[in-house]
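Structural description and commentary
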Amino acid sequence: MVYVIYYDPETHPELGSLAGIARAEWYGTGMERPLAFFNGTFRSPQITLPDSFYPVYRDMIDAARARKTVLEMMIDHWAIDSASLTIELKLTPTDSSIDTLTTLRLVAIVFEDSVPYYSFLIGDTFYSPMTVRQVIGDSFGLPFTCRFGQDWDTVLTTPVTGYNINRVGIVVSVQNLETREVIQTAIKWRIKTEVKQ
Amino acid sequence: MKMMKILFTGIGAGIIMLNCSDAPLISRAANRVVLVELFSTPLDE
């Protein structure tokens, strides 16, 4: 399982992103916070009792993991410097049903795994985890199609100016724009320091 | 106009190149990695 966080930027613009605003509207989150989506389709319930948080989310994660899918994906190579990041993806469809999906998107989410920000309310510095910076292409990724029986090799690159490149990672998902279902996901937690395979 | 500019900037920033090669036609189920997208407010709010 991997997770990313989109923050509302009203009080801390340094944590917000255009992708977060656009995708919150697309998912129809309204004013509910926090609110999570598992694989794009399972909406988390609102938890009123703190002790019930863990079992509810555990069960949702287990249910999502138990569902098989029709695509394998891995990040073959990755690189980052002060100007840009680049990754190479390999996608392998494992079932012919993927041929009928015509609204697939590669949603490559660039994040920083820890972002410091100062709270005037508390008077101290906080660290925000897994903070989304941008989605490559636009907030809903890049359109593509693939067919069973064909492996796809893909290169994605984007500028990263202004980020702490020591803490930048990337999550790449294949999402069906029509149903919002996330079909498959791959991640590199820290692009700069993760050992190449 | 601003949205169009943002859109084209995003598209310009992302470069995608696709190549394909033949793979065996053996249907099978793949394990799925779960993506959780969390919409939240900063920790001090």
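The following paragraphs examine the structure supplied in this document. This structure is a prediction, so every number in the text was calculated from the model and none was measured. (Residues numbered from 1 in each chain as written. Chains lettered and ligands numbered in written order. Predicted model: local features only at pLDDT ≥ 70, side-chain atom pairs only at ≥ 80, totals over all residues.)

**As for the overall build of chain A**
Worth spelling out the cut-off: For helices the rule is a DSSP run of H or I covering at least 4 residues; for strands it is a run of E covering at least 2, with both sets numbered from the N terminus onward. The globule rule is 2.2 Å times the number of residues to the power 0.38, and the radius of gyration it is compared with is taken over C-alpha atoms. Field definition: a residue is buried when 20 or more other C-beta atoms are found within 10 Å of its C-beta, exposed when 12 or fewer are, and partly exposed for counts in between, with C-beta atoms placed from the backbone.
Across its full length, chain A holds two helices and 11 strands. Reading chain A from its N terminus to its C terminus gives the helix and strand order β-α-β-β-α-β-β-β-β-β-β-β-β. Its C-alpha atoms give chain A a radius of gyration of 17 Å, within 12% of the compact-globule value 16 Å for 197 residues. Along the first, second and third principal axes, the C-alpha atoms of chain A reach 55 × 40 × 30 Å. Split into buried and exposed, the 197 residues of chain A put 35% on the buried side.

**Things to note about the nonpolar core**
Residue and element names in this part refer to chain A. Rules: A set of buried Ala, Val, Leu, Ile, Met, Phe, Trp, Tyr and Cys residues, joined through C-beta atoms within 7 Å, is what we mean by a nonpolar core. Any two residues are considered in contact once their C-beta atoms, placed from the backbone, lie within 7 Å.
Of all hydrophobic cores here, the largest spans 50 residues; its most connected members are Ala108, Ile109, Val110, Ile170 and Val172. In terms of residue count, the dominant contributor to this core is strand S6 (residues 104-119) (eight residues). Apart from residues lying up to four places away in sequence, Val110 is in contact with Arg133, Gln134, Ile136, Thr158, Val160, Val168 and Ile170.

**Focus: the environment of Pro45 of chain A**
All names here are of chain A. Among the secondary structure elements, Pro45 is positioned in the loop between strand S3 (42-43) and helix H2 (53-66). On the basis of neighbour counts, which here come to 12 C-beta atoms within 10 Å, the residue Pro45 falls in the exposed class. When the C-alpha positions of Pro45 and Arg33 are compared, they lie 11 Å apart, and in sequence the two are 12 residues distant.

**Some details on unusual backbone geometry**
Residues and elements named next belong to chain A. The linkage connecting Arg33 with the following residue, Pro34, adopts the cis geometry, with an omega of -5°. Along the chain, Pro34 falls in the loop between helix H1 (18-27) and strand S2 (35-38). In this model, Met130 sits at a positive phi of 45°, which is unusual for a non-glycine residue. Positionally, Met130 belongs in strand S7 (residues 124-135). Take Met130: there are 20 C-beta atoms within 10 Å of it, and that puts it in the buried class. Located in the positive-phi region is Arg180, a residue other than glycine, with phi close to 70°. Within the fold, Arg180 resides in the loop between strand S10 (168-176) and strand S11 (182-188).

**Regarding the interface of chain B and chain A**
Worth spelling out the cut-off: By the convention adopted, Pro, Cys, Tyr, Trp, Phe, Met, Ile, Leu, Val and Ala count as nonpolar, Lys, Arg, Asp and Glu as charged, and the other residues, Gly among them, as polar. Between any two strands, at least two bridges found by DSSP are needed for them to pair.
Counting residues at the interface gives 35 residues for chain B and 63 residues for chain A. The biggest single contributor to the side of chain B that touches chain A is strand S1 (residues 15-22) of chain B, with eight residues. Across the side of chain B that touches chain A, the residue classes break down as 21 nonpolar, eight polar and six charged. As paired elements, strand S1 (residues 2-7) of chain A and strand S2 (residues 35-40) of chain B share six bridges and run parallel to each other. When the bridges of S2 of chain B are listed, Tyr7 of chain A appears paired with Ser40 of chain B.

**Some thoughts on the pairing of S6 of chain A**
Residue and element names in this part refer to chain A. In this sheet, S10 lies alongside S6 in antiparallel orientation, the contact comprising nine bridges. Bridge assignment links Ala108 to a residue of S10, and that residue is Val172. Taken together, the two bridges between S6 and strand S8 (residues 142-143) define a ladder with antiparallel strand orientation. Bridge assignment links Arg105 to a residue of S8, and that residue is Pro143. Bridge count between S6 and S7: 10 bridges; the pairing is antiparallel. Each residue of the ladder has a partner; that of Ser119, found in S7, is Asp124. Counting the residues between successive antiparallel strands, the hairpin from S6 to S7 contains four residues, one of them, Gly123, with a positive phi of roughly 75°.

**Topic: H2 of chain A**
Put simply, the test is: Here, expected helix span is obtained from the residue count minus one, scaled by 1.5 Å.
For H2 of chain A, with 14 residues, the first-to-last C-alpha span of 20 Å sits near the 20 Å given by 1.5 Å per residue. For H2 of chain A, the tally of buried residues reaches only zero of 14 residues, placing the bulk of the element at the surface.

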